[in-house]
2 protein chains.
Amino acid sequence: MQDYIHQHKDRFINELLDLLRIPSVSADSKYKAEVRKAAEFIREQLLKAGADQAELCETAGHPIVYGEKTINPSLPTVLVYGHYDVQPADPLELWHSPPFEPVIKDEKIYARGACDDKGQVYMHVKALETMLATNTLPCNVKFMIEGEEEVGSDNLGIFVKNNKEKLKAEVILISDTNIIANDCPSLTTGLRGLSYLEVEVTGPNRDLHSGMYGGAVANPINILCEMIASLKDANNHITIPGFYDDVQELSEQERAEMAKAPFSLEEYKKELNIGDIHGEKGYTTLERVSIRPTLDVNGIWGGYTGEGSKTVLPSKANAKISMRLVPNQHSHKITELFQKHFESIAPKSVRVKVKPHHGGEPVVTPVDSVAYQAASKAFEEAWGKVPIPKREGGSIPIVALFEKELGLKSVLMGFGLDSDAIHSPNESYGIFNYLKGIETIPLFFKHFAALSKA
Amino acid sequence: MQDYIHQHKDRFINELLDLLRIPSVSADSKYKAEVRKAAEFIREQLLKAGADQAELCETAGHPIVYGEKTINPSLPTVLVYGHYDVQPADPLELWHSPPFEPVIKDEKIYARGACDDKGQVYMHVKALETMLATNTLPCNVKFMIEGEEEVGSDNLGIFVKNNKEKLKAEVILISDTNIIANDCPSLTTGLRGLSYLEVEVTGPNRDLHSGMYGGAVANPINILCEMIASLKDANNHITIPGFYDDVQELSEQERAEMAKAPFSLEEYKKELNIGDIHGEKGYTTLERVSIRPTLDVNGIWGGYTGEGSKTVLPSKANAKISMRLVPNQHSHKITELFQKHFESIAPKSVRVKVKPHHGGEPVVTPVDSVAYQAASKAFEEAWGKVPIPKREGGSIPIVALFEKELGLKSVLMGFGLDSDAIHSPNESYGIFNYLKGIETIPLFFKHFAALSKA
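Criteria and cut-off values
Residues numbered from 1 in each chain as written. Chains lettered and ligands numbered in written order. Predicted model: local features only at pLDDT ≥ 70, side-chain atom pairs only at ≥ 80, totals over all residues. Heavy atoms only, no water. Helix = DSSP H or I, 4+ residues; strand = E, 2+ residues; numbered from the N terminus. Rg over C-alpha atoms; globule rule 2.2 N^0.38 Å. Buried < 20%, exposed > 50% of the residue type's maximum accessible area, 1.4 Å probe, protein only. Contact = heavy atoms within 4.5 Å. Areas by Shrake-Rupley, 256 points an atom, 1.4 Å probe, with all protein chains shown as cover. Lys, Arg positive; Asp, Glu negative; His and termini not counted. Charge placed at Lys NZ, Arg CZ, Asp CG, Glu CD. UniProt positions renumbered as here; feature names shortened; annotations may be inferred. Least-squares fit on C-alpha atoms with pLDDT ≥ 70 in both. Pairing = 2+ DSSP bridges. Axes fitted to C-alpha atoms, helices over the stretch in contact; angles between N-to-C directions. Parallel < 35°, antiparallel > 145°, perpendicular 65-115°, else oblique. Left-handed = near helix turned anticlockwise from the far one by under 90°. Nonpolar A, V, L, I, M, F, W, Y, C, P; charged D, E, K, R; others polar. Phe/Tyr/Trp six-rings, centres within 6.5 Å; stacked < 30°, edge-to-face > 60°. Domains from an automatic or database assignment. Buried area = accessible area lost by both parts, 1.4 Å probe. Salt bridge = Lys/Arg side-chain N within 4 Å of Asp/Glu carboxyl O. Polar contact = N/O pair within 3.5 Å; in protein donor to acceptor, adjacent residues only side chain to side chain. Expected span 1.5 Å × (residues − 1).

Some points on the overall build of chain A
Point 1. The number of helices and strands found in chain A is 13 helices and 18 strands.
Point 2. For 454 residues, the compact-globule estimate of 2.2 N^0.38 gives 22 Å, and the C-alpha radius of gyration of chain A, at 23 Å, lies within 12% of that figure.
Point 3. The principal-axis extent of the C-alpha atoms belonging to chain A is close to 80 × 50 × 45 Å.
Point 4. Taken across its 454 residues, chain A has 63% of its residues classed as buried.
Point 5. Partitioning the contacts of chain A with sequence separation of at least 6, the portion at a separation of at least 24 is 79%.
Point 6. When the accessible surface of chain A is summed, it comes to about 16600 Å², and 51% of that surface belongs to carbon and sulfur atoms.
Point 7. Averaging the locations of the 49 positively and 62 negatively charged side chains of chain A gives two centres separated by 2 Å.

Next comes the structure, spelled out in structure tokens:
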């Protein structure tokens, strides 16, 4: 099996580069046709790999790629989930090479989606090819690869509710997370949830001359800044009433366990070139990015942003604001609390609109399940080390829904690195990680089938 | 003279429309050629009106139009100042007709620059034509029409310093301000100064995934909002140390005089469609926009501002911030105070850059001068009412420099209305105001010449 991967590794890489050349940005409607092209690409490659069937399932938005390979209905089934859509690539000027013209440098593939999630999805397509070519697929497999993960997976949620029979399986396998380091493999046991909103603050009914009106009329940018600033106190606690009510506090022992993960604050600051870290008082950096909820402004705009100066008192100011949630917070409840609070703190001199975007629930995955054990053994066999269980700060909103609708737990077996800069300019994915993933996935299938029999 | 204006009013209007069709946006370098075209237009029209000579004086930036008509060196000389450049037109989507395709509706000309300052400048060109055609020019006149007023007049300042002989005159006449209403003419006796800066807050060295880093790494947008919010206290006093040190406080009597100007808070709120006014505690709306300094964010941008959502923790956030100044504040001193304070309040988790843009000094003009009396009589004769002296909130940075370098006071005889929406979408200028201005200016010359003799 390793031989097969080795023989075909150049083709495996080139096929991924072809996929990365398709700008499948789901958030921006002008890429609609390209998003579909990426779905079509995955569908065809699943068939080439040997799937019994693969189809595009239409939704109100971008299509879902569904495929399956059944070797024996009496054997367990693994449902592989991933996404072929990518984050927008801007700010383009910070990319060293065009985001959709992948280049290989220092053993890494640079392109938007290289890691998140095209690279990690395509490992599963090539793992299927490898298992079928080497006759080592020990159970059934289904693929559900969506095109709206970066915009909230709303239509996947509907698809899952309507196709419970089709999606019947024993476990869901997802590669959309990171390991701690190539010499320190890990398995993700928790993800944060998300509430994402857009706010608009309107002052006067038109842009005004800041000399003629400045000082007497509320400036929506100043007001928006004041409102945003008021959302955190001096200790960086979030001030929205009820925000922390459902937050699951970890025991001292659990926190001590977490603290064992290798982490260097100096390297962390150096790698990001920051003079200091910044976060909620009373928690470590690893805790702040995993077991604690957050509030970040993801975008802000208003007034004159062009070259030179314009003395305008603008009519409107806008911001995109998201909150990462932890067990047992609920996305809808937090979204409502934010909306209610934000509207309540607006002065009478402005009007405020709050528009909820997508959200997702936090998840914790069990470490004692057959699937987790199989993933752990797969890493041990391929990497020579038992993977460390770790909570991650990102969100895969759909994982909680899988559990609710399909009653299935997910195994979060990702192969990325924090330094892959996903969602950032110059996103990359290590060729070592890509090929090692293609090697590790079949081992998961092997151990999962074996442990399931036992 | 009135007959002449009446006979030629259609042509006077059409010539202004031609000038308004030239997008002379000085802040944006891509309009450089258009800005020059506007200068060329003014030069040609001055010659057609009968000026002895008119030229484009080159500067490091946009050219200055200089022209003159000398009837007798022994007579006094009036130096007319104005500007042919305009503010950027965005947000374009809010214009009811294209900003550089002027239309006449309800007796108003709609276009960027209709009032500020092309319309008001062109009144002087047509007033010159009228006086020469009717043989009523009673003294000498010089024109200095610049193309960088909207970006700080830096090059005009250099031009003035280097051409004191050429610019010799008894008074400077400027039409770049407003009257209270068409049934309530006024003369501007004071202008606010300006400090304008651009700030950049940098957090991590690249855009980050808000899930992987959110909560532990300073978000430059959140930090920028907190820094901006901290620049004012709960009473909307500006918190920059030393900011108010030089502010000239008015006496109770002066404030009582100001309070006599007609003003309806209800109409003010209705016209702007705001639920409430918003400003410094302890001062009226008219005071807030004239005798009190301000701090407004004119533009802000950072992170993802496109369609949909992106869960990014951005590397940078920026804002354009300006402060209106009152006597006896100094632009350079306030700019330094801001810079020093803003840098001092930045947390160690971010880096801050503060870049000063242009500034200008506040001015107060005397009401007892021959020139002011002449302007007052001109209004009285043309409008049938003695104009009310009033302080204005806007800035004409160059006025203070004229006094310093040329030792000349300015008369601020503007004919615009607050409702002309200068610097805003759908800027307009009333045809009544345009023609009435062309009628009033020659009367200023008449009374100024007469009073100067006396």
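Still more ground to cover, so stick around.
Points about the UniProt feature "domain: Peptidase M20 dimerisation" (unreviewed entry) in chain A
Point 1. Summarizing the sequence annotation, UniProt attributes the feature "domain: Peptidase M20 dimerisation" (unreviewed entry) to residues 190-348 of chain A in the numbering used throughout.
Point 2. When the span residues 190-348 of chain A is considered, its composition is 30% helix and 21% strand, and the gap between its end C-alpha atoms is 42 Å.

Here's the deal with the relation of the copies chain B and chain A
Point 1. Expressed as a screw operation, the relation of chain B to chain A combines 0.0 Å of axial shift with a rotation of 180°, fitting to an RMSD of 0.1 Å. Here the copies are linked by what is in effect a two-fold axis.
Point 2. The overlap is high: 100% of the interface residues of chain B also sit at the interface in chain A, so the same surface is used on both sides.

Considerations on the environment of E427(B)
Residues and elements named next belong to chain B.
Point 1. Structurally, the position occupied by E427 is in the loop between β17 (410-412) and β18 (428-430).
Point 2. For E427, a relative accessible area of 1% translates into the label buried.
Point 3. Linking E427 and P99, residues 328 residues apart in sequence, is a C-alpha distance of 8.1 Å.
Point 4. Residues within four places of E427 in sequence aside, it is in contact with W95, I109, Y110, A111, R112, G113, A114, C115, D116, D420, A421 and I422.

Some words on the sheet that holds strand β5 (residues 108-110) of chain A
All names here are of chain A.
Point 1. Read across the sheet, three strands follow the order β4-β5-β18 without closing on themselves; strand pairing throughout is antiparallel. Each edge of the open sheet carries a strand with a single partner, namely β4 (103-105) and β18 (428-430). Along the sheet, successive strands turn relative to each other by an average axial angle of 30°, direction set aside.
Point 2. Across three bridges, β4 lies against β5 in antiparallel orientation. Bridging across to β5, K105 finds its partner in K108.

Description of the packing of helix α1 (residues 2-20) of chain B against helix α13 (residues 431-453) of chain B
If you want to describe how two helices pack, look at the angle between their axes and the distance between the axes.
Residues and elements named next belong to chain B.
Point 1. The interhelical angle for the contact between α1 and α13, taken along N-to-C directions, is 130°, at an axis separation of 10 Å. If you check the angle between α1 and α13, you find them oblique. The hand of the α1/α13 crossing is right-handed. Together, Q2, I5, K9, F12, I13 and L16 of α1 and I431, Y434, L435, I438 and E439 of α13 make up the contact between the two elements.
Point 2. Per-class residue counts for the contact of α1 with α13 are eight nonpolar, one polar and two charged.

Here's the deal with the packing of aromatic side chains
Residue and element names in this part refer to chain A.
Point 1. Enumeration according to the criterion identifies 28 aromatic pairs over all chains in this entry.
Point 2. Judged by centre distance (5.3 Å) and plane angle (10°), the ring pair of F338 and F342 falls under stacked. Of this pair, F338 and F342 both sit in helix α10 (residues 331-344), separated by four residues, roughly a single helical turn. For the pair F338 and F342, one class covers both residues: buried.

Structural notes on the domain arrangement of chain A
Size of an interface, as often reported, equals the accessible area lost when the parts are brought together.
Residues and elements named next belong to chain A.
Point 1. Partitioning chain A into domains gives domain 1 (2-191 + 362-453) and domain 2 (194-256 + 287-360).
Point 2. Domain 1 and domain 2 are separated by 33 Å when their C-alpha centres are compared.
Point 3. Contact residues are listed per partner, giving twelve residues for domain 1 and 14 residues for domain 2.
Point 4. When domain 1 packs against domain 2, the two sides together hide about 960 Å² of surface, and 57% of this comes from carbon and sulfur.
Point 5. Where domain 1 packs against domain 2, one counts zero salt bridges.
Point 6. The tally of links between domain 1 and domain 2 comes to three residue pairs in polar contact (both at pLDDT 80 or more).
Point 7. Residues that form the side of domain 1 that touches domain 2 fall into these classes: four nonpolar, four polar and four charged.

Looking at helix α3 (residues 118-133) of chain B
Residues and elements named next belong to chain B.
Point 1. Between its terminal C-alpha atoms α3 stretches 22 Å, which fits the 22 Å expected from 16 residues at 1.5 Å a residue.
Point 2. Burial runs high along α3: 14 of the 16 residues are buried.
Point 3. Just past α3, the residue N135 takes up positive phi, approximately 55°.

Re the pattern of salt bridges
Residue and element names in this part refer to chain A.
Point 1. Per the stated rule, a full pass over the model turns up 60 salt bridges over all chains.
Point 2. The salt bridge partner of E40 is R43, with a shortest N-O separation of 2.9 Å. Placement of the pair is E40 and R43 together in helix α2 (residues 32-49), with a separation of three residues, close to one helical turn.
Point 3. By relative accessible area, which is 25% here, E40 ends up partly exposed.
Point 4. It is possible to trace a salt-bridge network through shared partners that takes in R11, E15, K126 and E129.

Observations concerning helix α4 (residues 154-162) of chain A
Point 1. Taken together, the buried positions of α4(A) are occupied by N155(A), L156(A), G157(A), F159(A) and V160(A).
Point 2. On its buried face, α4(A) is in contact with β1 (53-57), β2 (64-69), β3 (77-83), β6 (140-146) and α12 (398-406) of chain A.

Side note on the sheet that holds β18(B)
Residue and element names in this part refer to chain B.
Point 1. What the three strands build is an open sheet, ordered β4-β5-β18; its pairing is antiparallel. Two strands close off the open sheet at either side, each with one partner strand: β4 (103-105) and β18. Pairwise comparison of adjacent strand axes, ignoring direction, gives a mean angle of 30° for this sheet.
Point 2. Lying over the sheet, α13 contacts β4, β5 (108-110) and β18, oriented at roughly 60° with respect to β18.

Side note on the interface of chain B and chain A
Point 1. Listed per partner, the contact involves 91 residues of chain B and 91 residues of chain A.
Point 2. Here chain B meets chain A over a buried area of about 7800 Å², counting both sides, of which 51% is carbon and sulfur.
Point 3. By the criterion of area lost to chain A, the three top residues of chain B are M212(B), H278(B) and K310(B), representing 9% of everything that side buries.
Point 4. Taking the shortest distance from any N to any O, the salt bridge between K348(A) and D276(B) comes out at 3.9 Å.
Point 5. Along the contact surface separating chain B from chain A lie 48 residue pairs in polar contact (both at pLDDT 80 or more).
Point 6. Among the elements that take part in the side of chain B that touches chain A, strand β11 (residues 296-303) of chain B stands out by supplying eight residues, more than any other.
Point 7. A per-class count over the side of chain B that touches chain A returns 34 nonpolar, 35 polar and 22 charged.
Point 8. Pairing of strand β11 (residues 296-303) of chain A with β11(B), which is carried by five bridges, proceeds in the antiparallel orientation. Paired with W301(A) across the two strands is W301(B), which belongs to β11(B).

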